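Take a look at the letters that make up each chain.
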Amino acid sequence: MAFFEARNLHKRFGSRVVLENISLAFERGQVSGIMGPNGAGKTTCFHVLTGLHQPDRGEIELEGKSISGLSPQRIATLGVSRSFQIMNLFDDSVVIENVMLALPEFRTRRLSFLGGVFDDTKLVDAATDVLDQVGLAARAWEKATSLSYGERRALEIGVALAARPKILFLDEPTSGLGSEATRNLAALVRRLREHYTIVMIEHDMRFLFELADRISVIHWGQVIAEGTPAELQANKWVRRSALGEAALA
Amino acid sequence: MAPMLEVDRLTKVYRRGWPAARETFRLEADFRVEEPGIVGMMGPNGSGKTTLFELITGSNSPTSGTVRVQGRDIHRVRTDERDRLAIHYHQSYQVRHFSSLYPNALLERAGSAYPMVHLFDEPQFNTQDGYIGFMLDFFRRLSGEGRLVFLCVHPNERFHLEILEEICERFIFVQKGTVTPIADFDGLVAHEPCRTYLGGLLTERAA
(Lines give C-alpha, C1' and ligand atoms only; values in the text may rest on other atoms or scores of the structure.)
Protein backbone atom coordinates (compact mmCIF):
# COMPACT_ATOMS: atom_id res chain seq x y z
CA MET A 1 0.00 0.00 0.00
CA ALA A 2 1.53 3.26 -1.13
CA PHE A 3 1.33 6.44 0.94
CA PHE A 4 -0.91 8.08 -1.66
CA GLU A 5 -2.64 5.94 -4.23
CA ALA A 6 -5.04 6.53 -7.10
CA ARG A 7 -6.67 3.63 -8.87
CA ASN A 8 -8.48 3.50 -12.21
CA LEU A 9 -9.34 7.18 -12.45
CA HIS A 10 -11.61 8.23 -15.29
CA LYS A 11 -12.55 11.80 -16.17
CA ARG A 12 -14.37 13.23 -19.15
CA PHE A 13 -15.51 16.71 -20.04
CA GLY A 14 -18.35 16.21 -22.51
CA SER A 15 -17.04 14.11 -25.38
CA ARG A 16 -13.44 14.84 -24.46
CA VAL A 17 -11.70 12.08 -22.53
CA VAL A 18 -9.10 13.61 -20.23
CA LEU A 19 -8.22 10.71 -17.96
CA GLU A 20 -8.71 7.11 -18.91
CA ASN A 21 -8.03 4.47 -16.32
CA ILE A 22 -5.09 6.17 -14.63
CA SER A 23 -3.48 4.49 -11.62
CA LEU A 24 -0.65 6.15 -9.71
CA ALA A 25 1.14 5.39 -6.45
CA PHE A 26 3.38 7.78 -4.52
CA GLU A 27 5.63 6.45 -1.75
CA ARG A 28 6.32 8.30 1.52
CA GLY A 29 9.44 10.44 1.50
CA GLN A 30 9.93 10.17 -2.26
CA VAL A 31 9.82 12.73 -5.03
CA SER A 32 7.45 11.45 -7.71
CA GLY A 33 7.40 13.08 -11.11
CA ILE A 34 4.64 13.35 -13.68
CA MET A 35 5.51 14.38 -17.19
CA GLY A 36 3.81 14.38 -20.55
CA PRO A 37 3.21 16.49 -23.66
CA ASN A 38 0.95 19.55 -23.59
CA GLY A 39 -2.71 18.68 -23.25
CA ALA A 40 -1.94 15.15 -22.09
CA GLY A 41 -4.04 15.53 -18.93
CA LYS A 42 -1.39 16.24 -16.28
CA THR A 43 -3.04 19.24 -14.64
CA THR A 44 -6.50 17.62 -14.73
CA CYS A 45 -4.90 14.64 -13.06
CA PHE A 46 -3.62 16.95 -10.27
CA HIS A 47 -7.05 18.56 -9.97
CA VAL A 48 -8.61 15.13 -9.52
CA LEU A 49 -5.95 13.93 -7.05
CA THR A 50 -6.38 17.04 -4.88
CA GLY A 51 -10.18 17.07 -5.03
CA LEU A 52 -10.69 20.12 -7.24
CA HIS A 53 -12.45 17.88 -9.77
CA GLN A 54 -14.38 14.75 -8.91
CA PRO A 55 -13.39 11.70 -10.96
CA ASP A 56 -16.18 10.01 -12.95
CA ARG A 57 -14.85 6.70 -11.64
CA GLY A 58 -11.91 5.55 -9.54
CA GLU A 59 -10.53 5.54 -6.00
CA ILE A 60 -8.05 7.84 -4.26
CA GLU A 61 -6.45 6.93 -0.94
CA LEU A 62 -4.18 8.76 1.48
CA GLU A 63 -2.45 6.46 3.99
CA GLY A 64 -4.91 3.71 3.14
CA LYS A 65 -8.02 5.83 3.73
CA SER A 66 -10.30 6.85 0.92
CA ILE A 67 -10.37 10.57 0.13
CA SER A 68 -12.46 10.18 -3.04
CA GLY A 69 -15.40 12.52 -3.17
CA LEU A 70 -14.18 14.78 -0.35
CA SER A 71 -14.04 18.55 -0.87
CA PRO A 72 -10.66 20.16 -1.68
CA GLN A 73 -10.78 21.89 1.73
CA ARG A 74 -11.31 18.60 3.55
CA ILE A 75 -8.53 16.92 1.55
CA ALA A 76 -6.25 19.85 2.39
CA THR A 77 -6.89 19.48 6.12
CA LEU A 78 -6.04 15.78 5.84
CA GLY A 79 -2.56 16.79 4.69
CA VAL A 80 -2.64 17.31 0.92
CA SER A 81 -1.28 20.67 -0.23
CA ARG A 82 -0.66 21.98 -3.72
CA SER A 83 0.69 24.81 -5.82
CA PHE A 84 -0.77 25.99 -9.10
CA GLN A 85 0.74 26.71 -12.51
CA ILE A 86 -0.51 30.27 -12.25
CA MET A 87 0.73 31.87 -9.05
CA ASN A 88 -1.80 32.95 -6.44
CA LEU A 89 -0.20 35.49 -4.11
CA PHE A 90 -1.44 38.61 -2.36
CA ASP A 91 0.82 41.14 -4.04
CA ASP A 92 -0.03 44.10 -1.83
CA SER A 93 0.75 42.17 1.34
CA VAL A 94 4.17 41.58 2.81
CA VAL A 95 5.80 38.20 2.25
CA ILE A 96 5.15 36.88 5.76
CA GLU A 97 1.47 37.82 5.57
CA ASN A 98 0.97 35.54 2.56
CA VAL A 99 2.20 32.63 4.68
CA MET A 100 0.32 33.68 7.82
CA LEU A 101 -3.00 33.70 6.01
CA ALA A 102 -2.42 30.06 5.05
CA LEU A 103 -1.55 28.83 8.55
CA PRO A 104 -4.23 26.59 10.07
CA GLU A 105 -3.96 28.52 13.38
CA PHE A 106 -4.76 31.76 11.55
CA ARG A 107 -8.09 30.34 10.48
CA THR A 108 -8.97 29.13 13.96
CA ARG A 109 -7.76 32.37 15.55
CA ARG A 110 -10.51 34.38 17.18
CA LEU A 111 -11.34 37.55 15.35
CA SER A 112 -9.79 40.49 17.16
CA PHE A 113 -9.92 44.09 16.09
CA LEU A 114 -7.57 45.18 18.83
CA GLY A 115 -4.41 43.23 18.26
CA GLY A 116 -3.21 43.03 14.65
CA VAL A 117 -1.99 39.70 13.29
CA PHE A 118 1.59 40.94 13.39
CA ASP A 119 1.35 41.30 17.18
CA ASP A 120 0.57 37.61 17.49
CA THR A 121 4.07 36.31 18.05
CA LYS A 122 3.03 32.68 17.75
CA LEU A 123 1.68 33.30 14.25
CA VAL A 124 4.72 35.33 13.27
CA ASP A 125 7.07 32.64 14.55
CA ALA A 126 5.20 29.88 12.73
CA ALA A 127 5.24 31.86 9.48
CA THR A 128 8.92 32.71 9.89
CA ASP A 129 9.65 29.04 10.34
CA VAL A 130 7.93 28.28 7.02
CA LEU A 131 9.75 31.12 5.27
CA ASP A 132 13.00 29.74 6.62
CA GLN A 133 12.24 26.40 4.93
CA VAL A 134 11.86 28.08 1.55
CA GLY A 135 14.80 30.44 2.05
CA LEU A 136 12.80 33.66 2.34
CA ALA A 137 13.08 34.46 6.07
CA ALA A 138 15.27 37.50 5.35
CA ARG A 139 12.63 38.94 3.00
CA ALA A 140 9.70 38.43 5.38
CA TRP A 141 8.73 42.09 5.75
CA GLU A 142 9.05 43.13 2.11
CA LYS A 143 6.08 43.48 -0.22
CA ALA A 144 5.41 40.29 -2.20
CA THR A 145 5.77 42.33 -5.42
CA SER A 146 9.41 43.08 -4.57
CA LEU A 147 10.33 39.41 -4.96
CA SER A 148 11.90 38.05 -8.15
CA TYR A 149 9.92 35.52 -10.16
CA GLY A 150 11.89 32.62 -8.70
CA GLU A 151 11.41 33.90 -5.14
CA ARG A 152 7.69 34.27 -5.77
CA ARG A 153 7.63 30.60 -6.77
CA ALA A 154 9.42 29.74 -3.52
CA LEU A 155 6.88 31.84 -1.59
CA GLU A 156 4.05 30.00 -3.27
CA ILE A 157 5.58 26.73 -2.12
CA GLY A 158 5.81 28.32 1.35
CA VAL A 159 2.08 29.10 1.23
CA ALA A 160 1.44 25.43 0.38
CA LEU A 161 3.72 24.33 3.26
CA ALA A 162 1.95 26.60 5.76
CA ALA A 163 -0.84 24.04 5.94
CA ARG A 164 1.82 21.56 7.24
CA PRO A 165 0.99 18.97 4.60
CA LYS A 166 1.98 15.31 4.53
CA ILE A 167 2.18 15.41 0.77
CA LEU A 168 2.96 18.38 -1.46
CA PHE A 169 1.80 18.61 -5.09
CA LEU A 170 3.71 21.07 -7.28
CA ASP A 171 2.29 21.95 -10.71
CA GLU A 172 5.16 22.86 -13.05
CA PRO A 173 7.32 24.62 -10.47
CA THR A 174 9.98 25.61 -13.03
CA SER A 175 7.58 27.22 -15.51
CA GLY A 176 8.77 30.69 -16.43
CA LEU A 177 12.01 30.34 -14.47
CA GLY A 178 15.45 31.04 -15.90
CA SER A 179 18.37 28.66 -15.46
CA GLU A 180 19.64 30.18 -12.22
CA ALA A 181 16.18 30.30 -10.62
CA THR A 182 15.65 26.69 -11.73
CA ARG A 183 18.89 25.67 -9.98
CA ASN A 184 17.76 27.43 -6.81
CA LEU A 185 14.42 25.68 -7.01
CA ALA A 186 16.14 22.30 -7.44
CA ALA A 187 18.13 23.02 -4.27
CA LEU A 188 14.89 23.93 -2.48
CA VAL A 189 13.18 20.70 -3.56
CA ARG A 190 16.24 18.75 -2.32
CA ARG A 191 15.90 20.38 1.10
CA LEU A 192 12.13 19.86 1.25
CA ARG A 193 12.32 16.18 0.35
CA GLU A 194 13.92 15.53 3.74
CA HIS A 195 10.59 16.38 5.38
CA TYR A 196 7.83 15.98 2.80
CA THR A 197 6.50 13.57 0.22
CA ILE A 198 6.50 15.50 -3.06
CA VAL A 199 4.69 15.01 -6.37
CA MET A 200 5.67 17.29 -9.26
CA ILE A 201 4.30 17.86 -12.71
CA GLU A 202 7.21 19.08 -14.75
CA HIS A 203 7.97 19.98 -18.34
CA ASP A 204 11.66 20.43 -17.71
CA MET A 205 12.73 16.81 -18.05
CA ARG A 206 16.29 17.49 -17.02
CA PHE A 207 15.02 18.98 -13.74
CA LEU A 208 12.69 16.05 -13.18
CA PHE A 209 15.21 13.34 -14.05
CA GLU A 210 17.65 14.90 -11.62
CA LEU A 211 15.23 15.12 -8.67
CA ALA A 212 12.60 12.41 -8.98
CA ASP A 213 12.80 8.92 -7.52
CA ARG A 214 10.10 7.67 -9.88
CA ILE A 215 8.43 9.19 -12.92
CA SER A 216 5.09 8.51 -14.59
CA VAL A 217 4.67 9.61 -18.20
CA ILE A 218 1.10 10.65 -19.06
CA HIS A 219 -0.17 10.87 -22.63
CA TRP A 220 -3.65 10.55 -24.11
CA GLY A 221 -4.99 10.57 -20.54
CA GLN A 222 -3.16 7.36 -19.66
CA VAL A 223 0.08 6.38 -17.97
CA ILE A 224 2.14 5.30 -20.99
CA ALA A 225 5.42 4.71 -19.14
CA GLU A 226 6.67 4.49 -15.55
CA GLY A 227 9.99 3.94 -13.85
CA THR A 228 13.07 5.39 -12.22
CA PRO A 229 14.90 8.08 -14.21
CA ALA A 230 17.57 5.49 -15.05
CA GLU A 231 14.97 3.03 -16.35
CA LEU A 232 13.30 5.66 -18.50
CA GLN A 233 16.60 6.97 -19.81
CA ALA A 234 17.61 3.48 -20.92
CA ASN A 235 15.08 3.78 -23.76
CA LYS A 236 16.79 4.03 -27.15
CA TRP A 237 14.69 6.98 -28.31
CA VAL A 238 15.23 8.83 -25.05
CA ARG A 239 18.99 8.40 -25.45
CA ARG A 240 18.70 9.83 -28.97
CA SER A 241 16.78 12.88 -27.73
CA ALA A 242 18.14 16.10 -26.30
CA LEU A 243 17.44 14.62 -22.88
CA GLY A 244 19.61 11.58 -23.55
CA GLU A 245 22.46 13.77 -24.75
CA ALA A 246 22.16 15.86 -21.61
CA ALA A 247 22.25 12.74 -19.45
CA LEU A 248 25.38 11.49 -21.17
CA ALA A 249 27.13 14.83 -21.06
CA MET B 1 -11.90 -17.02 -31.92
CA ALA B 2 -13.15 -14.15 -34.07
CA PRO B 3 -10.52 -12.05 -35.87
CA MET B 4 -9.45 -8.85 -34.07
CA LEU B 5 -10.79 -6.71 -36.89
CA GLU B 6 -12.79 -7.43 -40.02
CA VAL B 7 -13.47 -4.62 -42.44
CA ASP B 8 -15.92 -6.22 -44.82
CA ARG B 9 -16.68 -4.54 -48.19
CA LEU B 10 -16.87 -1.21 -46.42
CA THR B 11 -17.74 1.91 -48.43
CA LYS B 12 -18.30 5.49 -47.47
CA VAL B 13 -19.53 7.83 -50.17
CA TYR B 14 -19.83 11.58 -49.81
CA ARG B 15 -22.06 13.42 -52.28
CA ARG B 16 -22.72 17.08 -52.80
CA GLY B 17 -25.08 19.13 -54.95
CA TRP B 18 -28.79 19.28 -55.67
CA PRO B 19 -30.88 18.06 -57.45
CA ALA B 20 -28.24 15.87 -59.11
CA ALA B 21 -25.83 14.94 -56.32
CA ARG B 22 -22.28 14.49 -57.49
CA GLU B 23 -19.94 12.05 -55.74
CA THR B 24 -17.14 14.01 -54.07
CA PHE B 25 -15.34 11.24 -52.20
CA ARG B 26 -15.49 7.45 -52.03
CA LEU B 27 -13.64 5.27 -49.54
CA GLU B 28 -13.50 1.52 -50.09
CA ALA B 29 -11.91 -0.96 -47.74
CA ASP B 30 -11.90 -4.72 -47.40
CA PHE B 31 -9.33 -6.34 -45.12
CA ARG B 32 -9.01 -8.24 -41.91
CA VAL B 33 -6.47 -8.50 -39.13
CA GLU B 34 -6.58 -11.84 -37.31
CA GLU B 35 -4.18 -11.33 -34.41
CA PRO B 36 -3.22 -8.58 -31.97
CA GLY B 37 -0.28 -6.51 -33.17
CA ILE B 38 0.75 -3.13 -34.54
CA VAL B 39 -0.34 -1.98 -37.99
CA GLY B 40 1.24 1.07 -39.63
CA MET B 41 -0.95 3.28 -41.78
CA MET B 42 0.19 5.82 -44.31
CA GLY B 43 -1.21 7.86 -47.13
CA PRO B 44 -1.42 11.41 -48.48
CA ASN B 45 -3.61 14.04 -46.82
CA GLY B 46 -7.25 13.69 -47.77
CA SER B 47 -6.86 10.07 -48.82
CA GLY B 48 -9.37 8.82 -46.25
CA LYS B 49 -7.23 7.70 -43.29
CA THR B 50 -9.19 9.55 -40.63
CA THR B 51 -12.51 8.57 -42.24
CA LEU B 52 -11.41 4.93 -42.05
CA PHE B 53 -10.55 5.37 -38.35
CA GLU B 54 -13.95 6.96 -37.70
CA LEU B 55 -15.69 4.08 -39.45
CA ILE B 56 -13.75 1.55 -37.37
CA THR B 57 -14.63 3.26 -34.05
CA GLY B 58 -18.25 3.66 -35.08
CA SER B 59 -18.26 7.46 -34.83
CA ASN B 60 -19.06 7.69 -38.56
CA SER B 61 -21.56 5.42 -40.36
CA PRO B 62 -20.66 3.53 -43.52
CA THR B 63 -22.65 3.80 -46.74
CA SER B 64 -22.42 0.02 -46.97
CA GLY B 65 -20.43 -2.88 -45.54
CA THR B 66 -19.53 -3.76 -41.96
CA VAL B 67 -16.78 -3.38 -39.38
CA ARG B 68 -16.48 -6.18 -36.83
CA VAL B 69 -14.25 -5.85 -33.80
CA GLN B 70 -13.69 -9.31 -32.30
CA GLY B 71 -16.77 -10.47 -34.12
CA ARG B 72 -19.03 -7.58 -33.04
CA ASP B 73 -20.52 -5.25 -35.63
CA ILE B 74 -19.42 -1.91 -34.19
CA HIS B 75 -22.30 -0.01 -35.78
CA ARG B 76 -24.79 -2.17 -33.94
CA VAL B 77 -23.22 -1.66 -30.54
CA ARG B 78 -24.70 0.88 -28.09
CA THR B 79 -23.10 4.26 -28.75
CA ASP B 80 -22.09 4.60 -25.10
CA GLU B 81 -20.18 1.31 -25.26
CA ARG B 82 -18.47 1.53 -28.63
CA ASP B 83 -15.35 2.88 -26.97
CA ARG B 84 -15.02 -0.42 -25.14
CA LEU B 85 -14.20 -1.95 -28.50
CA ALA B 86 -12.23 0.67 -30.40
CA ILE B 87 -10.88 4.12 -29.61
CA HIS B 88 -9.49 6.91 -31.77
CA TYR B 89 -6.61 8.94 -30.34
CA HIS B 90 -6.02 12.38 -31.78
CA GLN B 91 -2.60 14.00 -31.45
CA SER B 92 -2.64 14.39 -27.71
CA TYR B 93 -6.20 13.77 -26.57
CA GLN B 94 -9.16 11.52 -27.23
CA VAL B 95 -12.62 12.49 -28.36
CA ARG B 96 -15.70 10.33 -28.18
CA HIS B 97 -18.62 11.45 -30.21
CA PHE B 98 -21.12 8.93 -31.47
CA SER B 99 -24.53 9.15 -33.00
CA SER B 100 -26.93 6.49 -34.12
CA LEU B 101 -30.39 6.44 -35.69
CA TYR B 102 -31.41 3.90 -33.07
CA PRO B 103 -31.66 4.39 -29.30
CA ASN B 104 -29.16 2.46 -27.20
CA ALA B 105 -31.93 0.20 -25.87
CA LEU B 106 -32.22 -1.34 -29.34
CA LEU B 107 -28.50 -1.84 -29.76
CA GLU B 108 -26.12 -4.54 -28.50
CA ARG B 109 -23.74 -4.49 -25.54
CA ALA B 110 -20.01 -4.21 -26.28
CA GLY B 111 -19.11 -7.39 -24.40
CA SER B 112 -15.68 -5.98 -23.56
CA ALA B 113 -14.45 -3.89 -20.63
CA TYR B 114 -11.37 -2.43 -22.25
CA PRO B 115 -10.91 -1.30 -25.88
CA MET B 116 -9.56 -3.97 -28.21
CA VAL B 117 -8.55 -1.70 -31.10
CA HIS B 118 -6.51 1.46 -30.50
CA LEU B 119 -6.21 3.86 -33.43
CA PHE B 120 -3.50 6.53 -33.15
CA ASP B 121 -3.99 9.38 -35.60
CA GLU B 122 -0.67 11.07 -36.37
CA PRO B 123 0.86 11.21 -32.90
CA GLN B 124 3.40 14.01 -32.68
CA PHE B 125 6.80 12.43 -32.94
CA ASN B 126 9.74 14.68 -32.29
CA THR B 127 13.22 13.53 -31.47
CA GLN B 128 13.89 16.38 -29.04
CA ASP B 129 12.00 15.30 -25.96
CA GLY B 130 12.24 11.52 -25.94
CA TYR B 131 8.48 10.90 -25.77
CA ILE B 132 8.73 8.75 -28.92
CA GLY B 133 10.32 5.98 -26.89
CA PHE B 134 7.55 6.04 -24.29
CA MET B 135 4.86 6.06 -26.97
CA LEU B 136 6.43 3.10 -28.79
CA ASP B 137 6.67 1.17 -25.52
CA PHE B 138 3.01 1.92 -24.88
CA PHE B 139 2.06 0.54 -28.32
CA ARG B 140 4.13 -2.59 -27.59
CA ARG B 141 2.45 -2.97 -24.19
CA LEU B 142 -1.04 -2.74 -25.73
CA SER B 143 -0.10 -5.27 -28.40
CA GLY B 144 1.39 -7.56 -25.72
CA GLU B 145 -1.88 -7.35 -23.79
CA GLY B 146 -3.74 -8.71 -26.81
CA ARG B 147 -4.88 -5.41 -28.37
CA LEU B 148 -4.67 -4.29 -31.96
CA VAL B 149 -2.88 -0.98 -32.53
CA PHE B 150 -3.12 1.17 -35.66
CA LEU B 151 -0.47 3.82 -36.01
CA CYS B 152 -1.16 6.46 -38.63
CA VAL B 153 1.95 8.44 -39.52
CA HIS B 154 2.45 11.15 -42.09
CA PRO B 155 6.18 10.76 -42.64
CA ASN B 156 8.00 13.97 -43.36
CA GLU B 157 11.27 13.05 -41.74
CA ARG B 158 13.50 10.05 -42.12
CA PHE B 159 13.06 8.87 -38.53
CA HIS B 160 9.30 8.55 -39.08
CA LEU B 161 10.10 5.65 -41.42
CA GLU B 162 12.50 4.23 -38.85
CA ILE B 163 9.68 4.25 -36.30
CA LEU B 164 7.33 2.42 -38.66
CA GLU B 165 9.99 -0.13 -39.56
CA GLU B 166 10.90 -0.67 -35.90
CA ILE B 167 7.44 -1.16 -34.50
CA CYS B 168 4.89 -2.18 -37.15
CA GLU B 169 4.35 -5.78 -38.18
CA ARG B 170 2.12 -5.00 -41.15
CA PHE B 171 0.91 -1.98 -43.06
CA ILE B 172 -2.00 -0.31 -44.77
CA PHE B 173 -1.56 2.24 -47.52
CA VAL B 174 -4.47 4.58 -48.28
CA GLN B 175 -4.68 6.67 -51.42
CA LYS B 176 -7.68 8.44 -52.94
CA GLY B 177 -10.06 6.27 -50.94
CA THR B 178 -8.38 2.98 -51.86
CA VAL B 179 -7.15 0.93 -48.93
CA THR B 180 -4.31 -1.52 -49.67
CA PRO B 181 -3.09 -3.95 -46.97
CA ILE B 182 0.64 -4.73 -47.23
CA ALA B 183 2.41 -7.62 -45.48
CA ASP B 184 5.66 -5.99 -44.32
CA PHE B 185 7.92 -2.94 -44.45
CA ASP B 186 9.81 -4.10 -47.56
CA GLY B 187 6.48 -4.59 -49.30
CA LEU B 188 5.43 -1.10 -48.25
CA VAL B 189 8.49 0.65 -49.66
CA ALA B 190 8.23 -1.47 -52.83
CA HIS B 191 4.56 -0.48 -53.35
CA GLU B 192 4.67 1.97 -56.27
CA PRO B 193 2.05 4.52 -55.03
CA CYS B 194 3.84 4.51 -51.69
CA ARG B 195 7.23 5.13 -53.35
CA THR B 196 5.75 8.11 -55.18
CA TYR B 197 4.20 9.37 -51.94
CA LEU B 198 7.41 9.07 -49.94
CA GLY B 199 9.55 10.48 -52.75
CA GLY B 200 12.77 11.93 -51.41
CA LEU B 201 12.50 10.27 -48.00
CA LEU B 202 13.30 6.87 -49.50
CA THR B 203 16.48 7.97 -51.23
CA GLU B 204 17.46 9.87 -48.11
CA ARG B 205 16.98 6.66 -46.18
CA ALA B 206 19.18 4.70 -48.55
CA ALA B 207 21.89 7.33 -48.29
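Small disclaimer: the values here were computed from a predicted structure and weren't measured. (Residues numbered from 1 in each chain as written. Chains lettered and ligands numbered in written order. Predicted model: local features only at pLDDT ≥ 70, side-chain atom pairs only at ≥ 80, totals over all residues. Heavy atoms only, no water.)

Asker: In this structure, what is going on with the overall build of chain A? I would like to understand it.
Answerer: Secondary structure summary: chain A contains 11 helices and 10 strands in total. Relative to the globule expectation of 18 Å for 249 residues, the C-alpha radius of gyration of chain A, 19 Å, shows essentially globular dimensions. Oriented by its inertia axes, the alpha-carbon framework of chain A measures out at about 65 × 45 × 35 Å. Within chain A, contacts between residues separated by at least 24 positions form 64% of all contacts whose residues are at least 6 apart in sequence. Working note: accessible area of chain A is about 11,400 Å², and carbon and sulfur atoms make up 50% of it. One way to put it: in chain A the 29 positive side-chain charges average out to a point 4 Å from where the 30 negative ones average out. (Helix = DSSP H or I, 4+ residues; strand = E, 2+ residues; numbered from the N terminus. Rg over C-alpha atoms; globule rule 2.2 N^0.38 Å. Contact = heavy atoms within 4.5 Å. Areas by Shrake-Rupley, 256 points an atom, 1.4 Å probe, with all protein chains shown as cover. Lys, Arg positive; Asp, Glu negative; His and termini not counted. Charge placed at Lys NZ, Arg CZ, Asp CG, Glu CD.)

Asker: Explain the overall build of chain B here, please?
Answerer: Within chain B one finds six helices and 11 strands. Its C-alpha atoms put chain B at 55 × 45 × 30 Å along the principal axes. Counting only contacts in chain B whose residues sit at least 6 apart along the sequence, the fraction spanning at least 24 positions is 67%. Just so you have it, chain B exposes about 9,600 Å², and 46% of that area is on carbon and sulfur atoms.

Asker: I tried to follow the packing of helix α6 (residues 149-162) of chain A against helix α7 (residues 179-192) of chain A on my own but got confused; where do I start?
Answerer: Geometry of a packed helix pair, given as the angle between the helix axes and the separation of the axes. All names here are of chain A. Two numbers describe how α6 lies on α7: the axes approach to 9 Å, and their chain directions differ by 20°. As far as their axial angle goes, α7 and α6 are roughly parallel. In this structure, α6 crosses over α7, and the sense of that crossing is right-handed. In this structure, α6 contributes G150, R153, A154, I157 and L161 to the contact, and α7 contributes A181, L185, L188 and L192. Tallied by class, the residues present in the contact of α6 with α7 amount to seven nonpolar, one polar and one charged. (Axes fitted to C-alpha atoms, helices over the stretch in contact; angles between N-to-C directions. Parallel < 35°, antiparallel > 145°, perpendicular 65-115°, else oblique. Left-handed = near helix turned anticlockwise from the far one by under 90°. Nonpolar A, V, L, I, M, F, W, Y, C, P; charged D, E, K, R; others polar.)

Asker: Teacher, can you tell me more about the sheet that holds strand β8 (residues 197-201) of chain A here?
Answerer: Neighbouring strands of a sheet are bound in pairs by backbone hydrogen bonds; such pairs are parallel or else antiparallel. Within the open sheet, the six strands sit side by side as β6-β7-β8-β3-β9-β10 (chain A). Their pairing is mixed. With one partner strand each, in any of the chains shown, β6 (80-82) and β10 (222-227) of chain A form the two edges of the open sheet. Direction aside, neighbouring strands of the sheet carry axes that sit 20° apart on average. Pairing of strand β3 (residues 31-35) of chain A with β8(A) involves four bridges; the strand directions are parallel. Within β8(A), the position partnered with I34(A) by the bridge is I201(A). Here helix α2 (residues 131-144) of chain B sits on the sheet in contact with β3, β9 (214-219) and β10 of chain A, set at roughly 110° to β10(A). (Pairing = 2+ DSSP bridges.)

Asker: Looking at this structure, how should I read the interface of chain A and chain B?
Answerer: One frequent convention defines the size of an interface as the accessible area lost when the parts assemble. The partner chain B presents 33 residues to the 29 residues of chain A that form the contact. Of the roughly 2,600 Å² buried between chain A and chain B on both sides combined, carbon and sulfur atoms contribute 56%. A per-residue breakdown of the area chain A buries against chain B is headed by W220(A), I224(A) and W237(A), which together make up 31% of the total. Residue E162(B) pairs with R240(A) through a salt bridge whose shortest N-O separation is 2.8 Å. The interface formed by chain A and chain B holds 11 residue pairs in polar contact (both at pLDDT 80 or more) in total. Mapped by element, the contributors of at least two residues to the side of chain A that touches chain B are β2 (16-26), β9, β10, α10 (236-240) and α11 (242-248) of chain A. (Buried area = accessible area lost by both parts, 1.4 Å probe. Salt bridge = Lys/Arg side-chain N within 4 Å of Asp/Glu carboxyl O. Polar contact = N/O pair within 3.5 Å; in protein donor to acceptor, adjacent residues only side chain to side chain.)

Asker: Help me out: how do you make sense of the side chain of R82(B) in this one?
Answerer: Residue and element names in this part refer to chain B. Along the chain, R82 falls in the loop between β5 (72-73) and β6 (86-89). For the buried residue R82, which engages in no salt bridge, the nearest side chain bearing the opposite charge is D73, 7.6 Å off. A distance of 3.1 Å separates a polar atom in the side chain of R82 from the backbone oxygen of I74. Excluding its chain neighbours within four sequence positions, the residues that come into contact with R82 are T57, G58, I74, H75, R76, V77, F98, S99, S100 and L107. (Buried < 20%, exposed > 50% of the residue type's maximum accessible area, 1.4 Å probe, protein only.)

Asker: Would you explain a nonpolar patch on the surface in this entry?
Answerer: Residues and elements named next belong to chain B. On the surface, a nonpolar cluster with roughly 430 Å² of combined accessible area is contributed by L101, Y102 and L106. Counting through the fold element by element, Y102 comes out in the loop between β7 (94-95) and β8 (117-121). Relative accessible area serves as the criterion here: at 52%, Y102 is assigned to the exposed category. (Patch = residues over 30% accessible without salt bridge, like charges linked within 9 Å, V, L, I, M, F, W, Y side chains within 5 Å.)

Asker: I keep staring at the packing of helix α3 (residues 95-102) of chain A against helix α5 (residues 121-133) of chain A and nothing clicks. Help me out?
Answerer: All names here are of chain A. Across the interface, α3 lies against α5 with an axial gap of 9 Å and an inter-helix angle of 105°. In terms of orientation, α3 and α5 fall into the roughly perpendicular class. Residue-level inspection shows V95, I96, V99 and M100 of α3 in contact with α5, the latter providing L123, V124, A127, T128, V130 and L131. The class makeup of the residues in the contact of α3 with α5 is nine nonpolar, one polar and no charged.

Asker: Which parts of the structure should I look at to understand the environment of F25(B)?
Answerer: Residues and elements named next belong to chain B. The topology assignment puts F25 in strand β2 (residues 22-33). When the C-alpha positions of F25 and H118 are compared, they lie 25 Å apart, and in sequence the two are 93 residues distant. What F25 contacts, discounting residues up to four positions off in sequence, is K12, V13, Y14, G46, S47, G48 and G177.

Interpretation note: all reported values are geometric properties and have no functional meaning in isolation.
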